[in-house]
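Structural overview
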Number of protein chains: 2
Amino acid sequence: MRAAYEQAMLGLSVGGLPIGSVMAIDGEIVAKGHNQRIQRGSSILHAEMDCLEKAGRLTSRDYQRAVLYSTLSPCDMCSGAILLYKIPTVIVGENRNFQGPESYVRSRGVDVQILDDPDCIAMMEDFIRRHPTLWNEDIGV
Amino acid sequence: MRAAYEQAMLGLSVGGLPIGSVMAIDGEIVAKGHNQRIQRGSSILHAEMDCLEKAGRLTSRDYQRAVLYSTLSPCDMCSGAILLYKIPTVIVGENRNFQGPESYVRSRGVDVQILDDPDCIAMMEDFIRRHPTLWNEDIGV
């Protein structure tokens, strides 16, 4: 989660939304990503999607041994990607500033763990207060 | 749907998976896309995602007037993107060769229409028969 938080801060440092994600397989980090809405004008590169894209084309056996970390609760799109690739474990920094469809994802067999991390909460809370329009755009509001 | 089918054939013509998508707003096509797994080594650019990405950063009011067309039933990831952006109407060429979470998407208020189009069915059926491994990779199997 530390590496995901650093990804979020990296995004923030260049004017982007501070949401970061990391994927690990067998305990080794295989990819890191962060939200690219501002940086690349992207509507689909949320942190988790950027991370999955950077991981490249993996086999189903790879995904099924993976753990995906995200500083913020995955939205419908990112949750859908987790379900598509049957990633069994998702570690979430916090779900106070935004909550995706966690119950549905759990009902499909994914172990979703919420850390309630104070640093992740503070980082997102501060960004949302300063950039409400941008934040709303990112979650389709 | 004709434009989505042409996108699929365009992908096929360069060695890609033949799945195409088009987004229209107020009856005008605003973006076209097709699966980019082979062409760009992408794990996230399914046809619908490529189309949404090409549409760029839109407002929630834009998405909420949109119709998304896809030659094949949207998978969990693409369905999640539809839910994130609250796209109200999805027109699907066929769901015989693959069926995404249509019931769930409908339960979230989206009008999902299945055309059962013979050309879309034949195109996908033929590709899956010739490239089963590639097809399985695309749907996380």
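Calculation rules
Residues numbered from 1 in each chain as written. Chains lettered and ligands numbered in written order. Predicted model: local features only at pLDDT ≥ 70, side-chain atom pairs only at ≥ 80, totals over all residues. Heavy atoms only, no water. pLDDT = per-residue confidence, 0-100. Pairing = 2+ DSSP bridges. Helix = DSSP H or I, 4+ residues; strand = E, 2+ residues; numbered from the N terminus. Axes fitted to C-alpha atoms, helices over the stretch in contact; angles between N-to-C directions. Contact = heavy atoms within 4.5 Å. Parallel < 35°, antiparallel > 145°, perpendicular 65-115°, else oblique. Nonpolar A, V, L, I, M, F, W, Y, C, P; charged D, E, K, R; others polar.

Once that is clear, we can look at the confidence of the model for chain A. Mean pLDDT over chain A: 98, with 100% of residues reaching 70 or higher. Scored by ipTM, the complex comes to 0.97, with pTM at 0.97.

So, on to the sheet that holds strand 5 (residues 111-114) of chain B. Residues and elements named next belong to chain B. Spatial ordering of the open sheet is given by 2-1-3-4-5, a layout of 5 strands whose pairing is mixed. Each edge of the sheet is formed by a strand with only one pairing partner; in this case those strands are strand 2 (28-34) and strand 5. Within the sheet, the average angular offset between the axes of one strand and its neighbour, ignoring direction, is 15°. Pairing between strand 4 (residues 89-94) and strand 5: 4 bridges, direction parallel. When the bridges of strand 5 are listed, Thr-89 appears paired with Asp-111. Each of strand 3 (66-72) and strand 4 is contacted by helix 7 (residues 118-130), which is oriented at about 60° to strand 4, the strand it contacts most.

A separate point is the packing of helix 5 (residues 76-84) of chain A against helix 5 (residues 76-84) of chain B. Close contact between helix 5 of chain A and helix 5 of chain B brings their axes to 7 Å; oriented N to C, the two are set at 170°. Viewed along their axes, helix 5 of chain A and helix 5 of chain B adopt a mutual orientation that is roughly antiparallel. The residues of helix 5 of chain B that touch helix 5 of chain A, namely those facing Asp76(A), Met77(A), Gly80(A), Ala81(A), Leu83(A) and Leu84(A), are Asp76(B), Met77(B), Gly80(B), Ala81(B), Leu83(B) and Leu84(B). Tallied by class, the residues present in the contact of helix 5 of chain A with helix 5 of chain B amount to 8 nonpolar, 2 polar and 2 charged.

This part is about the environment of Phe98(A). Residue and element names in this part refer to chain A. With respect to the element layout, Phe-98 can be found in the loop between strand 4 (89-94) and helix 6 (102-107). With 69 residues separating them in the primary sequence, Phe-98 and Ile-29 have C-alpha atoms 25 Å apart. Filtering out sequence-adjacent residues up to four positions away, Phe-98 remains in contact with Leu-72, Ser-73, Pro-74, Cys-75, Trp-135 and Ile-139.

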